[in-house]
Amino acid sequence: LVIILAPAVGPYFGGLTVDAYGWRQIFFLPIPVAVLSLLLASVFLQPRNRTEQAPSFDWAGFSLLVIFILSLLIALTNGAADGWLSTQIILLLATSGFAFVGLIYWQLQTTHPLLDVKIFANTRFAAAAFVSFVYGVAIFGSIYLVPLFVQIIQGYTATRSGLLQFPAGIAMFILIPIVGRLTDRGGEIWLTVLGLIFAAYGTLLMIEADTNTSFWVFAIWMIVSRIGLAIIFPPLSAASLKVLGPDMIGQAAGTMNFVRTMGGAFGVNVSAIYVENRAASYREALTAHQHDGNAMMLEMTDRLRDLWSSLGIPDGLDTSLSQLYIGQTIIRQAEMLAFRDGFLLLTIITAAAIPAAIYMRKQT
């Protein structure tokens, strides 16, 4: 419940901070929370009584994991700007690939692996891990796209865009304990499938968003999506652990958290790249239609000239203003269409996890 509630509450307080003090101050916001967490942990999280010496930490595996993640995310983040075939991006992707292969090889060889990759030999757990990855993509992808859409396309402030996600967070807060009760009665797989359907449908609704979409319509779409994510979380956690023996529970819980977090990072990066590329494509396509043979453009230009004339704009300046206005309109239209495509991408990715969720029923 707490893990899910944080992304709903965080954007609102982040928005307040940005609007009041500027975006740089947002990086100070986690400091008091982290300090409070350290104090609470020192009081309430006492170390366990160990009957045997703890295994040594897998520093080699940890280093390979860090290299793999950093190289991949930096490449994904800078690929569009630097060029996907540029030397820097190719080297980063190659480094990430070699680090990943090295990580898998090392985890299979070392006595005390950071991540026991043999856990994925259980295909039902592997399917659950895939659903958890998609869960991260869905929640963090939408957390990234929705605030950008309402701020860029609809002109929301950072606080208002954060507030938009608050009702959905409250819905999750109410629903997750109820779903937990239902999970205790069984039917984890079908609850997970139902949650994926709701989550996919919620983002599918967002492809209709435009400059005139009201606050509460968007909030309801967010609530539908978050209802799905709330339904997924408890049964998926239970189902992923039930398919393994007790000795693997610790590894399984850590692995599910890891793949969900990786899904979130992947979802943000892929959403950003996809929307940026689609916006560039739409700008190019829309600009290509703006020529003297386009009757609609000529009509708009005439209307704009009449408007500038009524405002007292000199004749020599009206053409430049019209071109500027049309250019800004094209940019805004291209961005809106690109965000719609981004929501559709999240819908497709979320729906793609449904077969994996159903496969978790398969008996081994």
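Residues numbered from 1 in each chain as written. Predicted model: local features only at pLDDT ≥ 70, side-chain atom pairs only at ≥ 80, totals over all residues. Heavy atoms only, no water.

The subject of this paragraph is the packing of helix α9 (residues 215–242) against helix α10 (residues 249–288). Running from amino to carboxyl end, α9 crosses α10 at an angle of 140 degrees, the nearest separation of the two axes being 10 Å. Comparing the axis directions of α9 and α10 gives the class oblique. Crossing hand, α9 versus α10: right-handed. Side by side, α9 and α10 meet where F233, L236, S240 and L241 of the first sit next to I249, A252, A253, M256 and R260 of the second. Looking at the contact of α9 with α10, its residues break down into seven nonpolar, one polar and one charged. (Axes fitted to C-alpha atoms, helices over the stretch in contact; angles between N-to-C directions. Helix = DSSP H or I, 4+ residues; strand = E, 2+ residues; numbered from the N terminus. Parallel < 35°, antiparallel > 145°, perpendicular 65-115°, else oblique. Left-handed = near helix turned anticlockwise from the far one by under 90°. Contact = heavy atoms within 4.5 Å. Nonpolar A, V, L, I, M, F, W, Y, C, P; charged D, E, K, R; others polar.)

Moving on to the pattern of salt bridges. Summed over the entire model, instances satisfying the criterion amount to two salt bridges. Residues D341 and R278 are paired through a salt bridge, measuring 2.9 Å at the closest nitrogen-oxygen approach. With a gap of 63 residues between them, D341 in helix α12 (residues 315–352) and R278 in helix α10 connect regions that are remote in the sequence. Look at D341 and you get buried, because its relative accessible area is 14%. Exposure remark for R278: the relative accessible area of 27% places this residue in the partly exposed category. (Salt bridge = Lys/Arg side-chain N within 4 Å of Asp/Glu carboxyl O. Buried < 20%, exposed > 50% of the residue type's maximum accessible area, 1.4 Å probe, protein only.)

Before going further, it helps to examine the packing of helix α7 (residues 166–184) against α9. Each packed pair of helices is defined by two parameters, the angle between the axes and the distance between the axes. Interaxial distance between α7 and α9 falls to 8 Å at its minimum, and their mutual angle equals 30 degrees. With respect to each other, α7 and α9 are oriented roughly parallel. Both α7 and α9 take part in a crossing whose hand is right-handed. Facing α7, whose interface residues are P167, A168, A171, M172, L175, I176, V179, G180 and T183, α9 presents W216, A219, M222, I223, R226, I227, L229, A230, I231, P234, P235 and A238. Its residues assigned to classes, the contact of α7 with α9 shows 18 nonpolar, two polar and one charged.

One pass over the full model with this rule turns up one cavity of 30 Å³ or more. Counting residues per element, the ones that place at least two in the lining of the largest cavity are α1 (2–21), α5 (123–152) and α7. A per-class count over the lining of the largest cavity returns seven nonpolar, two polar and one charged. (1 Å grid on protein atoms, 1.4 Å probe; cavity = no way out; pocket = protein on both sides within 12 Å on 5 of 7 lines; lining within 4 Å. Points joined across faces, edges and corners; volume = space filled by probe spheres on them.)

Let us look at the environment of P177. If you trace the backbone, P177 turns up in helix α7. By relative accessible area, which is 45% here, P177 ends up partly exposed. Here the alpha-carbon distance between P177 and A230, two residues 53 residues apart in the chain, equals 9.2 Å.

So, on to the environment of I67. As for its position among the elements, I67 is in helix α3 (residues 59–82). Separated by 28 residues in the primary sequence, I67 and T95 have C-alpha atoms spaced 7.7 Å apart. In this structure, I67 is in contact with T95 and A99, ignoring residues within four places of it in sequence.

Now for the packing of aromatic side chains. Following the criterion strictly, the structure yields 17 aromatic pairs and no others. Geometrically, the ring pair formed by W23 and F27 is edge-to-face, given 6.3 Å between the ring centres and 80 degrees between the ring planes. By relative accessible area, which is 59% here, F27 ends up exposed. Grouping aromatic residues by their ring pairs yields a cluster made of F149, F218, W221, F339 and F343. (Phe/Tyr/Trp six-rings, centres within 6.5 Å; stacked < 30°, edge-to-face > 60°.)

On the surface, L1, V2, I170, F173, I174, I178 and L182 cluster together to form a nonpolar patch covering roughly 640 Å² of accessible area. For the nonpolar patch, the element with the most residues is α7, which contributes five residues. Its place among the elements puts L1 in the segment before α1. (Patch = residues over 30% accessible without salt bridge, like charges linked within 9 Å, V, L, I, M, F, W, Y side chains within 5 Å. Areas by Shrake-Rupley, 256 points an atom, 1.4 Å probe, with all protein chains shown as cover.)

This next bit is on the nonpolar core. By size, the foremost hydrophobic cluster in this structure holds 34 residues, and its most contacted members are V131, L229 and M360. Of all the secondary-structure elements, those providing two or more residues to this core are α5, α7, α8 (188–205), α9, α10 and α13 (354–359). Among the elements that take part in this core, α5 stands out by supplying 10 residues, more than any other. (Core = buried A, V, L, I, M, F, W, Y, C linked by side-chain atoms within 4.5 Å.)

With that settled, the discussion passes to the layout of surface pockets. The computed volume of the largest pocket comes to approximately 490 Å³. G10, P11, G14, G15 and I26 are, among the 18 residues lining the largest pocket, the residues nearest its centre. Broken down by secondary-structure element, the contributors of at least two residues to the lining of the largest pocket are α1, α5 and α6 (158–164). Broken down by element, the lining of the largest pocket gets its largest block of residues, nine residues, from α1. A class-by-class count of the residues in the lining of the largest pocket yields 11 nonpolar, seven polar and no charged.

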